[in-house]
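This is what each chain is made of:
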Amino acid sequence: IERFREIVTRLFAYGIIVRDEDGVEQRLYDDARRIENLLADYFSLAGFQLNHDLKGEFYRLYAPGAQIPGVASNDLDPAPSLRARVSPDFVAAALALRFLYQKCLMEGGSNLTDEGEVLIRFDELAATLQTQIKRPLPDSASDRDRLLKELKRHRLIQFSAAFSMTDEDALMAIRQTILGIISEDALAAALEAGGVEPVEETEGVAQ
C-alpha cells in the first residue's frame, strides 16, 4: 500500500512518471506497470485519465475535462483548479519545442535518437520562439535558466548537468512527452494566430 500511495502521490504532484528520468521514477514506473489496471480504475473514479505511452515508457495523468492530444475527450466538466499554473513563457517554449519536434519527424533528421527524442541546441529554441511563436526568450539569464528548469520539471526536455546556454555545441533533448501536452491543432492555431495569448494555465497536467 505504501508503494501504491507513492505512485499516486507522484502522479498528482508531477502529472507524469518517466522511466528514464532517474532511479526513483524507474522504480515507480515498473511498479505502476504491474498494477496499471488498478491505477486506471482508481483515477477514473474521480474523473482523471491515466495514459500509458509504452514506446516512450511514461505515464501521464490528465485532470477531468482535459483536452488530450489524440484522445477523444470525455464528457466531464474541466476542473481549472487542477490545471498546472504555468507562465506565458512556458507555453511559448512548449509550442516552440513541439514545432521543432514535429519538424525533425517530418524531415527525418539525424537529430532524432533511438529513444524518440530530438536533440537541439539552445539557440534553435531561441530562434524558433522568435520566428515562429513571435515571443522572445526572457531577457535575463536567470529567467531563462528558470524557464529551462520548469520545462525539465514537466519532463518536456532533458539535459546534462554540464549543459550551458552559452555553449553553442551543447545539446538538450526534446522528449516524446511533448506530444501529450501540445497537440498538432494547438500548434497550428498558435502559428496561425502569430503568437501566444497571455494565459496563466494550461490543460492536461493534474497539478
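Please refer to the structure placed before this passage.
Predicted model only: the values in this text are computed from it and were never measured. Every chain begins its residue count from 1, and numbering advances along the sequence as written. Local features in this predicted model are restricted to residues of pLDDT 70 or higher, and side-chain atom pairs are both shown and tallied only at a pLDDT of 80 or more, whereas totals for entire chains, interfaces and linings draw on every residue. Calculation of side-chain values draws on the structure's entire complement of heavy atoms; hydrogens and water are dropped beforehand.

Looking at the overall build of the protein chain
Quick note on the threshold: By the criteria applied, helices consist of DSSP H or I runs no shorter than four residues and strands consist of E runs no shorter than two, each listed in order from the N terminus. Buried, partly exposed and exposed residues are distinguished by accessible area as a fraction of the type maximum, computed with a 1.4 Å probe on protein chains only: under 20%, between the cut-offs, and over 50%, respectively. Contacts: residue pairs with any heavy atoms within 4.5 Å of one another. The accessible surface values rely on the Shrake-Rupley method and a 1.4 Å probe; as for residues, cover is taken only from the protein chains in view.
Scanning the protein chain from terminus to terminus reveals 7 helices and 8 strands. Counting over 207 residues, the protein chain shows a buried share of 43%. Excluding contacts between residues fewer than 6 apart, the proportion of contacts in the protein chain whose partners are at least 24 apart in sequence is 65%. Here the protein chain displays about 10,900 Å² of accessible surface, and carbon together with sulfur accounts for 49% of that area.

Side note on the nonpolar core
Stated formally: Residue types Ala, Val, Leu, Ile, Met, Phe, Trp, Tyr and Cys, when buried and joined through side-chain atoms within 4.5 Å, form a set referred to as a nonpolar core.
Counting 35 residues, the largest nonpolar core has Leu97, Leu148 and Leu151 as the members making the most contacts within it. For this core, the secondary-structure elements that each account for two or more residues are helix H4 (88-107), strand S5 (118-121), helix H5 (122-133), helix H6 (141-153), strand S7 (171-174) and helix H7 (184-193). Looking at which element gives the most residues to this core, the answer is H4, with 12 residues. In contact with Leu151, other than residues within four places in its own chain, are Phe90, Ala93, Ala94, Leu97, Leu156 and Ile157. Core analysis: the next-biggest nonpolar cluster, separate from the first, contains 15 residues, Ile7, Phe43, Phe48 and Ala63 among them.

Things to note about the packing of aromatic side chains
Spelled out, the test is: The rule is short: rings of Phe, Tyr and Trp, with Trp giving its six-membered ring, pair when the centres are within 6.5 Å, and they are stacked under 30 degrees, edge-to-face over 60, tilted in between. Two thresholds decide whether a charge sits over a ring: the Lys NZ or Arg CZ must be within 6 Å of the ring centre and within 35 degrees of the ring normal.
All told, the structure shown has 7 aromatic pairs when counted by the stated rule. Chaining the aromatic ring pairs together yields one cluster made of Phe4, Phe12, Tyr42, Phe43 and Phe48. The residue whose ring lies beneath Arg155 is Tyr14, and the NZ or CZ to ring-centre distance is 5.2 Å.

Some words on the sheet that holds strand S2 (residues 49-53)
Using the following cut-off: Whether two strands pair depends on DSSP finding at least two bridges between them. Fitted lines through C-alpha atoms give the axes, limited to the stretch in contact for helices. The angle between two N-to-C directions lies from 0 to 180 degrees.
The strand order across the open sheet formed by 3 strands is S1-S3-S2, and the pairing between neighbours is antiparallel. Looking at strand neighbours, the two that pair on one side only are strand S1 (16-18) and S2, the edges of this open sheet. Along the sheet, successive strands turn relative to each other by an average axial angle of 15 degrees, direction set aside. Packed onto the sheet, helix H1 (residues 2-14) meets S1, S2 and strand S3 (58-62) and runs at close to 110 degrees relative to S1.

Here we look at the side chain of Arg98
Heads up, the rule is: Note that His is not counted, nor are the chain ends; the positive residues are Lys and Arg, and the negative ones are Asp and Glu. Each salt bridge in this description consists of a side-chain nitrogen of Lys or Arg and a carboxyl oxygen of Asp or Glu lying within 4 Å of one another. We define a polar contact as two N or O atoms separated by no more than 3.5 Å, with the added condition that, inside protein, one atom must be a possible hydrogen donor and the other a possible acceptor, whereas residues neighbouring each other in sequence contribute only through side-chain atom pairs.
By secondary structure assignment, the location of Arg98 is in helix H4. Look at Arg98: it is buried, it has no salt bridge, and the nearest opposite charge is Glu184 at 4.3 Å. Only 2.7 Å separates the side chain of Arg98 from the side chain of Gln102, close enough to count as a polar contact. If we ignore the near neighbours within four places in the chain, the residues touching Arg98 are Ile178, Leu179, Ile182, Ser183, Glu184 and Leu187.

Some words on the sheet that holds S5
Spatially, the 3 strands line up as an open sheet ordered S5-S7-S6, and their pairing is antiparallel. One side of each edge strand has no neighbouring strand; the edge strands of this open sheet are S5 and strand S6 (157-158). Helix-sheet contacts for H5 involve S5 and S7, and the interaxial angle to S5 is about 85 degrees.

Re the pattern of salt bridges
In the structure shown here, the tally under the stated rule is 16 salt bridges. The salt bridge partner of Arg10 is Glu25, with a shortest N-O separation of 3.1 Å. Linking Arg10 in helix H1 with Glu25 in helix H2 (residues 23-34), this pair joins segments that are 15 residues apart in sequence. We classify Arg10 as buried; its relative accessible area is 19%. In this structure, Asp30 engages Arg19 in a salt bridge whose closest nitrogen and oxygen atoms are separated by 2.8 Å. With Asp30 in helix H2 and Arg19 in the loop between S1 and H2, the pair connects residues that are 11 residues apart, well separated along the chain.

So, to be careful, I would describe these as geometric facts and stop short of saying anything about function.
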